[in-house]
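The residues making up each chain are set out below.
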Amino acid sequence: ASLGMQKLYDYLGLKKRSSKESVSINSSRRDKAGNLSRRAEEEQKAQKKTSGLFNTAVDVLTMVKRVNVNYSENNGKVLPGYTRSIGFIGTAKPTIGFVFGSQADVRFEAARNGWLTTFSEFNQQFIERTNKQLNITATAQPMKDLTIDLVADRQYSESYQENFKVNQLGDGSFEYENLLGNNYGNFSISTIMIGTSFGKSDEFTSESFEEFKNNRITIANRLVSDRGQSTGEVDADGYPERYGKNQQEVLLPAFFAAYTGQDVNRVNLDAFREIPIPNWNIKYTGLMQNKWFKKKFKRFSLSHGYRAAYSINSFQTNLEKQNATIDPDNGDFLPDNIINNVVLTDQFNPLMRVDFEMKNSMSVVAEVRTDRALSLSFDNDLLTEINGKEYTVGLGYRFKDVKLVTNIGGEKQRFKGDLNLKADATLRDNVTIIRNLDITNNQITSGQNLLSVKFTADYALSKTLNALFFYDYSFSQFAVSTAFPQSTINTGFTIRYNFGN
């Protein structure tokens, strides 16, 4: 669905007031010289002020200009061991609905009719697959030179695999027998972590990690309360029975609440969130409306962007729960699904970007980017945290109609073209820290400081001949002592000739 919102706003009467629509001052309230009385002037000023406030309110209420919603769902079944021929142009078996894509279950009917193999060594699996994707984008423009692009998405993928066999009964009929079934899949949804993006986090301390550890007992008590269960015997750390501090259903909401900045008493306890939260890109070009900026610059823009996601890379049915509900190792409840790890990522892409070109052909781009990735493993109760910051400054200058005289091939030649100079410098700092929930022993496992400088000089010798000089330099110093600093230089010339127009 693609929604153009302007017609809706017009239908609701959300339109700006123009100067012609404002209430006019009666001519009888003017003196002989045609001037308004003092009272009339005050009324006119009040009308203009009211119209301005009204138009501002209309801009805010109608700032969403377009909304696009895209939802796709794919489902499929694989029924192995089908012994009937489908014929030259197809068949109506096992059902006419199945032939045309129906997802109704046909396993038992096909087996009952004798259409599935009874071979004793047959071991192929029956499979059901589903994939759901939701993507929502919107464009908001609260004022003429301010554009906000919003993006929200959710992806869910799941497969069910089942071993089976077909038994022949005494009356000659057949029966489908399920031997072992297992669900597995992955999940991702857009979210917001901006509440903890600027918190202190280094090798020694992390405000969010401490909050995560403290959240666990609150989540454990909420689970007991929500499920109407008894607290039972409280352990030495104060956790209720069957919900220890490292139980999967306790860890996941505590982790999510701590790093998204949500209230631990209200955070959703489910592993799979339903409603995606929009992320954004913002661009502002309104400074060019200022006289000073118009005089000095050809263009001037400010940009900001934010992305965040919550992901479950892999989940599968907990087969141990078919025989027991309690983990024999720690006495906790076994979860329905085994989740290897959950990941929270966010990035300011960019945090701030300034891009302008001056009237003297000088161009400047400066930006700051940050990124963060947090991976919680339920296998060993370790949190892997990756933090990165990147600073970039780019300069460019164009020299117009530069003349060049050469004696290539013994013949004197004159060239005239533009010389473009570009220089970019980037400094990136990233570090990977592993934090243990049970032991205060944070460790830096990798990371580096990377300095990159790139310079190019591009000269148009003619309409078809172009020469380019490039110089790339990078230096990296690693965060761990076992890795040596590295420097790389790549430089040279490129000559490009364009055949044709």
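Just above sits the structure.
For the structure given in this document, a descriptive report is provided here.

Conventions and cut-offs
- Residues numbered from 1 in each chain as written.
- Predicted model: local features only at pLDDT ≥ 70, side-chain atom pairs only at ≥ 80, totals over all residues.
- Heavy atoms only, no water.
- Salt bridge = Lys/Arg side-chain N within 4 Å of Asp/Glu carboxyl O.
- Helix = DSSP H or I, 4+ residues; strand = E, 2+ residues; numbered from the N terminus.
- Buried < 20%, exposed > 50% of the residue type's maximum accessible area, 1.4 Å probe, protein only.
- Core = buried A, V, L, I, M, F, W, Y, C linked by side-chain atoms within 4.5 Å.
- Contact = heavy atoms within 4.5 Å.
- Polar contact = N/O pair within 3.5 Å; in protein donor to acceptor, adjacent residues only side chain to side chain.
- Pairing = 2+ DSSP bridges.
- Phe/Tyr/Trp six-rings, centres within 6.5 Å; stacked < 30°, edge-to-face > 60°.
- Lys NZ or Arg CZ within 6 Å of the ring centre and 35° of its normal.

## Considerations on the pattern of salt bridges
Thought 1: Within this structure, the stated rule accounts for 22 salt bridges.
Thought 2: With a shortest N-O distance of 2.9 Å, Glu385 and Arg435 are connected by a salt bridge. Here Glu385 is found in strand E11 (residues 382–406), whereas its partner Arg435 is found in strand E12 (residues 413–436), with 50 residues between them in sequence.
Thought 3: On the accessibility criterion, Glu385 (2% relative accessible area) is buried.

## Overview of the nonpolar core
Thought 1: If you look at the biggest cluster of nonpolar residues, it comprises 43 residues, and the most contacted ones within it are Phe212, Phe255, Tyr259, Tyr310, Ile312, Val342 and Leu376.
Thought 2: Put simply, the parts of the chain that give this core at least two residues each are strand E4 (146–168), strand E5 (174–190), helix H5 (207–226), helix H6 (248–260), strand E7 (297–317), strand E9 (341–358) and strand E10 (362–377).
Thought 3: The residues contacting Tyr310, other than those within four sequence positions of it, are Phe187, Ser188, Ile189, Thr191, Leu252, Phe256, Ala271, Arg273, Val342, Val343 and Leu344.
Thought 4: Among the nonpolar cores identified, the runner-up in size contains 11 residues, and Leu79, Val106, Ala110 and Tyr176 belong to it.

## Observations concerning the environment of Asn279
Thought 1: Along the chain, the position of Asn279 falls in strand E6 (residues 279–284).
Thought 2: Filtering out sequence-adjacent residues up to four positions away, Asn279 remains in contact with Asp149, Leu150, Val151, Ser190, Thr191, Ile192, Tyr306, Arg307 and Ala308.
Thought 3: Of the polar contacts made by the side chain of Asn279, one reaches the backbone oxygen of Thr191; its length is 2.9 Å.

## Looking at the pairing of strand E3 (residues 126–143)
Thought 1: The sheet contact formed by strand E2 (residues 64–78) and E3 spans 14 bridges and is antiparallel. Pairing of Ser72 across the sheet is with Gln133, part of E3.
Thought 2: Looking at chain direction, E3 and E4 are connected through 16 bridges and run antiparallel. Residue pairing in the sheet places Asn131 in a bridge with Ser157 of E4.
Thought 3: Between E3 and the antiparallel strand that follows it, E4, lie 2 residues.

## Notes on unusual backbone geometry
Thought 1: At the junction of Lys93 and Pro94, the peptide bond is cis and its omega measures out at 5° in the coordinates.
Thought 2: Mapped onto the secondary structure, Pro94 falls in the loop between E2 and helix H3 (96–99).
Thought 3: In this chain, Asn349 is followed by Pro350 through a cis amide linkage whose omega measures 5°.
Thought 4: Examined against the element boundaries, Pro350 turns out to sit in strand E9.
Thought 5: Unlike most non-glycine residues, Arg242 shows phi in positive territory, near 80°.
Thought 6: As for its placement among the helices and strands, Arg242 is situated in the loop between H5 and H6.
Thought 7: In this structure, Ser361 is a non-glycine residue whose phi angle is positive, near 75°.
Thought 8: Residue placement: Ser361 occurs in the loop between E9 and E10.

## Focus on the packing of aromatic side chains
Thought 1: Using the criterion set out here, one finds 28 aromatic pairs in the structure.
Thought 2: A centroid spacing of 5.1 Å and a plane angle of 75° characterise the contact between Phe297 and Phe300, whose relative ring orientation is edge-to-face. This pair shows no difference in class: Phe297 is buried, exactly as Phe300 is.
Thought 3: A connected cluster of aromatic rings, assembled from ring pairs, spans Tyr156, Phe187, Phe256, Phe272, Tyr310 and Phe315.
Thought 4: Here the guanidinium or amino end of Arg273 rests over the ring plane of Phe256, the centre of that ring lying 4.0 Å away.

Taken by themselves, the reported measurements are silent on function.
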